[in-house]
Structure formats: structure tokens, C-alpha cells
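Read off the chains here:
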Amino acid sequence: MSDQRAGQAVPKGTWERQNLDGYRVAHAVVDVLANAGVREIFGQSCPTAICMAADQKGIRQIGYRTENAGAAMADGAARISGRISVILAQNGPAAALLVAGLAEALKASIPILAIVQEVPRTTADKNAFQELDHEKLFAGCTKWIRRINLAERAGEYTARAIQVATSGRPGPVVLLVSPDVLTQEVPGIAPLNHSADTPFGSYPADRFVPTATGIEEAANLLVNARQPLVIVGGGVHHSGAANEVARLQMVAGVPVATTNMGKGVIDESQPLSIGVVGNSLGTRAPAKFHREYIQGADVILFVGTRTNENGTSGWSLFPASATYIQIDIDPEELGRNYPALRLLGDARESLAALNAAIEKLPATGLAARTKQIEQVIAQARAKHTQEAATPPDTTPGMLHPETVVRALAAIRDDVTWVADASYASIWLVQYLPSLRAGTRFLTPRGIAGLGWGFPMAIGAKLATPDKRVICLTGDGGFAHCWAELETARRHGIPVTVIVLNNGVLGFQINAEESRFGSHTDVCHFGPIDHVAIAKACGCDGIQVHNLDELTQALDAASRTTLPYVIDVKTDSAAFPPITAFESQRRGS
């Protein structure tokens, strides 16, 4: 094919043979990924040059069936590994399907590098196949977007993307690159120099602390408070600060509650642990009877939480009269919803400094206050125990989701727990107790997209292959992504999936009933055999109707090397203890 036609450059064909001999841009990009500790990339063999270079480097490609699910896999892997994840996508529709997953990562502060193919540079703006303005596409769901135009700077841009994604408030970034750039020859990249304290690719990349003055002020406020309270969110998990939170409970004698995404930070059996708070403090909620203490708090410390709508029950749960302190790595979150003493810093290092400052203060009256708070918490727990003593009302022949989740507490393995968005995540965080500080409960609550639980569990299992991963999902959410059963089977990823099969979109029904007093018929599904779907994909599973069958199924799932689906027939009228839906409860 001639390079010139009538004196004009001929666009290089999309399907022209490409050369990867020697050292090319694709190799430079992959070498930087390897330096960042990347062991897997999530893709569908495009950009192909990167996939081939990764294979040569020993980086495994996990071939997702849909980009939406692939983004959730990358998210789950990053949450558990503490390192950046990498996902690849073709231009156009494939790139567009990354948007929702990257938006979740942005809101939940998860570092993901998306490498997205562009059309060849010589065909840009000519309506090339699947050409799309990717910079506009990703503008609202990422921290940073760059295009690699110069071959010699490809390694530099890749390293920069990883640094941006993992520093400050972590989040997703995008590199755009054309296939003709990826096959250009370049010199080998220079060795990357990074802090030994924070390995390249891990997050948070920078651990900084607030001013000594701010820390001292916060310490005095907590020690001198009449009724203190600490609320921790998902940022505490990202920072690895669970031990410092436990230490704060001990040195300051303060009670700690978590948001949904902060679930697992604390040992909920500890005498100063309140559990999960927010918009689910209705009947049978473990933290229901702590509401009086919460609303009477005079000093409240937020750590690593966005103080969002659900975590604050529509910003109505915490008293306006309280004095607020907020620790966060993002200055935009400080004081966003509650005027607060602003402590800008990494959660782990900031709490360590705060604990040290508290230990230097006189402990006058602290023991008596701590004892009094422990008694109040014990009384609230006793009330919950009494309220929950009677099993939840359910339709005969079906299991109540609360009963299902409480049964999971009998599992003694070290488990990473994952739940889909919507009701599945609320059932899990409400009724499965966290008995060890730092236990991981993954819930896609950044923007709470339905269908991300199962692929997120696949990513979590890849990050910790020797650890059991159990995912709780509703049938509505599972339908978004059950094609990834084949992905899990093909790659040998034995995740256990528990499907709460009630044949409805539960939250949607309750939301519509709350607003309009009725609901549309599309909230109801036809019958689905999830076990048949699993077996069609080469996986295994079983349908259960009672607790004995559930126990046997969980045991079978623990012993198989296949992905395993447990299809649980559950009551369509059951819903979690969302405070706003109390009037819809049976017998109300």
C-alpha cells in the first residue's frame, strides 16, 4: 500500500500488520506496570500489543465477558491488594462500558488504571471505526486523563498515571493510546526510583499528618467530651488504620461506629463498639437502640468517610449541637456536610498522632466515663438481643435474608465477604458481625451500581487466592453479571456466590411504595434457575430452601475448586431495617 496518494498521507489502515519485534512502546508500558507490582490485567485482548507484551512479561490477562464487570473485578482486586489495578478496553462502546465502574472507583477512592485504545492517529476525526471522544467520556468519572502521543514518553506517562491514581485521595485514571503508537520502537525505560516506605503502585502513596496544633486540639476535645463518638468509613480500610482505631477505643475510651463501607474496621464485640450506623436503624437493626446515644453526642470524630446521605440518614442522624472533628486525605471532604475541625491527613498516621497526643493528657475522669459508656452500649445491645430473639416473620417454605446472613456467622474460615449493592449489602453489614478488627467486607457503595458484587468478588479472590471469598447478591443484581461465571470457571477462580432469590427488585418496590403507595409490575421477575445457569457455565451449585440445606451447601462450596452458586429461595416481602421504610413492615 502506497504511503502517498495525490501528495497526501494515506491513513494507516486499522488492520495493517504490526510489528512487536525488539522493544516497543507496548513493552515500555508493561515494564512500568510490572514495576508497580501488577500481576494481572483485566481485558478482552485489546489493545492487543499491550496484552501480548504483558504475556511475554508473565502478567496474566483475566478475560472478562463485559467491560462493566471487568471494572468491578479491577475494583475488588485493588480494594483487597492495596495496589493499583489495571483494566484494558477497546475504543468506542467498550470504553463507554467502563464509565459506571470507574465512577464507583472515583466515589469509593479506588486506584484503577484504564488503558483505552484510540483509533490510529492518522485516522483521527475521520469517522474511523468506533471512534469516540474518550476525553469527554471519562471527564466526570476519573481523576486524570492523558493521551500518549510521543512514543519516547510512554513509560513516563504510565508511571505518572500510577502515581496520580495512588496519591492523595486514590482514584481511577485513564491513558489513551493509539495502536500505531504502541508498536513504535523506543529505548528501554530507566529504573524507577520510589520510596521504600510506600512501594510503587501501592496506596496511599503519601502518608502525611495534620498539624500538631490540630491534633492537640482534637485530643483535648475527645478527652474532655461528655458523650464522644467516632464514625469511621471506607477510607480507614484503604489506609490500613484498623489497629489505630482499636487503639483509640482503648486510650480515649470512645465508642466507634462504622458506615457501610467502614464495616469490618472494628471488632463489633468490643465493649465500645456500636456497629454499622446510617439509614438502617429500623426494627431488628443491631444499632437501633444506640440511636439515643448517637443523637446525644457532644463531640463527633469522622475518619475516612464522605458523610454521605446513606451514612448519615439523610444528614439527620447526628446532632447539630455537636462539635465535629474530621480526618480525611481529601481537603474537599473536610467540613463538606458538618462544620468541623479540619485534620488533613492519612487516616492511619493521623490516628497514630492523635493516640499519642491523648496518651500524654491527664486521664482524670476518663475511666469513669468509659465505664459509663460501656454500660450504655451493653444496655442497647441487650435490647437488640431481646428484639431479635424471635425469628423474623417469613413466608413458609422460604428463608428470610436475615436468617441466611446470621447463619454465615458459623463459618470459621478467614473469609473476605463481598455483597452486591442495594439490599444484599445492607443484609450483610447489618447481620454478619465483624469479630476481628480489619475484617474485609466489600460493598460497592461508591455509587452503588447493581450487579457489581460477583465480579468484585472475582477480583478479591485474585488478590488473595488462598483466602475464601463469599459473595452475597440478590437475583436482580446477579442477572447483570452471571456471564462472568464462565470467566471465573475459565480462569480457575473458585468464588462462592449466595443468591437471595426472591423474584423481585426489592429496594425498588419499597422505594416506590414509600413514595407512591404502589409499585410497577416490572419490579417482578419470571422464575430463574441460577443453578442451571452455573452448571451451563461449567460451575457447580445447589438450590436450598432451609437452614440445614444451606449449611450443607456452604460446606460443599468450601471443598470445591469450582465457582459455586447457592440459590436461596427467599421471601419477597422481606426487607432490611431501613429506617425510612418502617411503615411497610408486616404488622405496622
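From a predicted model like this one, the values you see are computed outputs, not experimental measurements. (Residues numbered from 1 in each chain as written. Predicted model: local features only at pLDDT ≥ 70, side-chain atom pairs only at ≥ 80, totals over all residues. Heavy atoms only, no water.)

### Points about the overall build of the protein
A count of helices and strands for the protein gives 22 helices and 20 strands. For 588 residues, the compact-globule estimate of 2.2 N^0.38 gives 25 Å, and the protein sits close to it at 25 Å. Here the C-alpha coordinates of the protein stretch approximately 85 × 60 × 45 Å along the principal axes. Expressed as a percentage of its 588 residues, the buried residues of the protein come to 56%. Excluding contacts between residues fewer than 6 apart, the proportion of contacts in the protein whose partners are at least 24 apart in sequence is 75%. (Helix = DSSP H or I, 4+ residues; strand = E, 2+ residues; numbered from the N terminus. Rg over C-alpha atoms; globule rule 2.2 N^0.38 Å. Buried < 20%, exposed > 50% of the residue type's maximum accessible area, 1.4 Å probe, protein only. Contact = heavy atoms within 4.5 Å.)

### Details of the confidence of the model for the protein
Here the protein averages 94 in pLDDT, while 96% of its residues score no lower than 70. Confidence drops under a pLDDT of 50 for residues 1–11, and excluding neighbours within four residues, the segment shows 12 contacts in the predicted structure. (pLDDT = per-residue confidence, 0-100.)

### Some details on the packing of aromatic side chains
Taken as a whole and assessed by the stated rule, the structure comprises 11 aromatic pairs. Seen from their ring centres, Tyr423 and Phe507 are 5.8 Å apart, and the 85° between their planes marks the pair as edge-to-face. In this pair, Tyr423 sits in helix α16 (residues 423–431) while Phe507 sits in helix α20 (residues 506–516), placing the two residues 84 residues apart along the sequence. We classify Phe507 as partly exposed; its relative accessible area is 34%. Members of the aromatic cluster, connected to one another through ring pairs, are Phe302, Phe318, Tyr324 and Tyr338. Taking NZ or CZ as reference, Lys263 lies 5.2 Å from the ring centre of Phe441, over its face. The cationic tip of Arg585 hangs over the ring face of Phe575; the distance from NZ or CZ to the ring centre is 5.0 Å. (Phe/Tyr/Trp six-rings, centres within 6.5 Å; stacked < 30°, edge-to-face > 60°. Lys NZ or Arg CZ within 6 Å of the ring centre and 35° of its normal.)

### Considerations on the sheet that holds strand β20 (residues 564–569)
Sheet architecture is open: six strands sit in the order β16-β15-β17-β18-β20-β19, paired in parallel fashion. Of all the strands in the sheet, the pair left with one neighbour each is β16 (441–442) and β19 (540–544). Contacting β17 (468–474), β18 (496–501), β19 and β20, helix α22 (residues 547–559) crosses the sheet at an angle of about 170° to β20. (Pairing = 2+ DSSP bridges. Axes fitted to C-alpha atoms, helices over the stretch in contact; angles between N-to-C directions.)

### Topic: unusual backbone geometry
In this chain, Cys46 is followed by Pro47 through a cis amide linkage whose omega measures 0°. In this fold, Pro47 is placed in the loop between β3 (40–43) and α2 (48–57). Going from Tyr203 to Pro204, the amide bond is cis rather than trans, its omega being 0°. Residue placement: Pro204 occurs in the loop between α8 (179–182) and α9 (212–224). One non-glycine residue, Asp125, lies in positive phi territory at about 65°. With respect to the secondary-structure elements, Asp125 resides in the loop between β6 (112–117) and α6 (134–138). With a relative accessible area of 75%, Asp125 lands in the exposed category.

### Quick notes on the state of the cysteines
According to the stated counting rule, one finds zero disulfides in the structure shown. Sulfur of Cys471: no disulfide; nearest cysteine sulfur belongs to Cys481 and is 7.6 Å away. Exposure remark for Cys481: the relative accessible area of 5% places this residue in the buried category. (Disulfide = S-S within 2.5 Å.)

### Some points on the sheet that holds strand β13 (residues 323–328)
An order of β11-β10-β9-β12-β13-β14 is seen for the six strands of this open sheet, with the pairing classed as parallel. Unpaired on one side and paired on the other, β11 (273–276) and β14 (340–344) mark the two borders of the sheet. Adjacent strand axes in the sheet meet at a mean angle of 15°, parallel and antiparallel pairs treated alike. Pairing of strand β9 (residues 228–232) with strand β10 (residues 256–258) involves three bridges; the strand directions are parallel.

### A short note on the packing of α9 against helix α13 (residues 347–359)
Helix-helix packing is characterised by the crossing angle of the two axes and by the distance between the axes. Interaxial distance between α9 and α13 falls to 9 Å at its minimum, and their mutual angle equals 60°. Of the possible angle classes, the one that applies to α9 and α13 is oblique. As α9 runs across α13, the sense of the crossing is right-handed. Together, Ile215, Ala218, Ala219, Leu222 and Val223 of α9 and Ser350, Ala353, Leu354, Ala357 and Ile358 of α13 make up the contact between the two elements. Its residues assigned to classes, the contact of α9 with α13 shows nine nonpolar, one polar and no charged. (Parallel < 35°, antiparallel > 145°, perpendicular 65-115°, else oblique. Left-handed = near helix turned anticlockwise from the far one by under 90°. Nonpolar A, V, L, I, M, F, W, Y, C, P; charged D, E, K, R; others polar.)

### Comments concerning the pattern of salt bridges
Scanning the model with the defined rule gives 25 salt bridges in all. Between Arg169 and Glu333 there is a salt bridge; the shortest N-O distance is 2.9 Å. With Arg169 in the loop between α7 (154–166) and β8 (173–177) and Glu333 in the loop between β13 and β14, this residue pair connects regions lying 164 residues apart in the sequence. We note that Arg169, like Glu333, is buried. With a shortest N-O distance of 3.3 Å, Arg585 and Glu582 are connected by a salt bridge. Connected via shared salt-bridge partners are Arg169, Asp330, Glu333 and Arg336. (Salt bridge = Lys/Arg side-chain N within 4 Å of Asp/Glu carboxyl O.)

### Quick look at the pairing of β20
Burial analysis of β20 places five of its six residues in the buried class, which makes it a mostly covered element. Across six bridges, the pairing between β18 and β20 is parallel. Within the sheet, the bridge partner assigned to Leu500 lies in β20 and is Val568. Relative to β20, β19 runs parallel, the two being bridged by five bridges. Residue pairing in the sheet places Val544 in a bridge with Val568 of β20. For the crossover from β19 across α22 to β20, the handedness is right-handed. (Right-handed = clockwise from strand over helix to strand, strands pointing away.)

### Observations concerning the nonpolar core
One recurring pattern in soluble globular proteins: nonpolar side chains tend to sit buried together. Phe42, Ile87, Leu98, Phe138 and Phe454 are the most contacted members of the largest nonpolar core, which has 52 residues in total. In contact with Phe454, not counting residues within four places along its chain, are Cys471, Phe478, Cys481, Glu484, Leu485, Ala488, Val495 and Val497. By size, the runner-up hydrophobic cluster in this structure holds 39 residues, among which are Val38, Leu88, Trp144 and Ile162. (Core = buried A, V, L, I, M, F, W, Y, C linked by side-chain atoms within 4.5 Å.)

### Overview of α7
Taking 1.5 Å of rise per residue, 13 residues should cover 18 Å, and α7 covers 19 Å from first to last C-alpha, within 8% of that figure. Among the 13 residues of α7, 10 are classified as buried, and the element is accordingly described as predominantly covered. Against the buried residues of α7 lie α1 (25–35), β6, β7 (144–148) and β8. Just downstream of α7 lies Gly168, where phi reads positive at about 55°. (Expected span 1.5 Å × (residues − 1).)

### Looking at helix α15 (residues 401–408)
Listed as buried for α15 are Pro401, Glu402, Val404, Val405 and Leu408. Viewed end-on, α15 has its buried residues packed into an arc of 160°, placing them on one side of the element. If you follow the buried residues of α15, they end up packed against β15 (415–419), α16, β17, β18, α22 and β20. (Arc of directions from axis to C-beta.)

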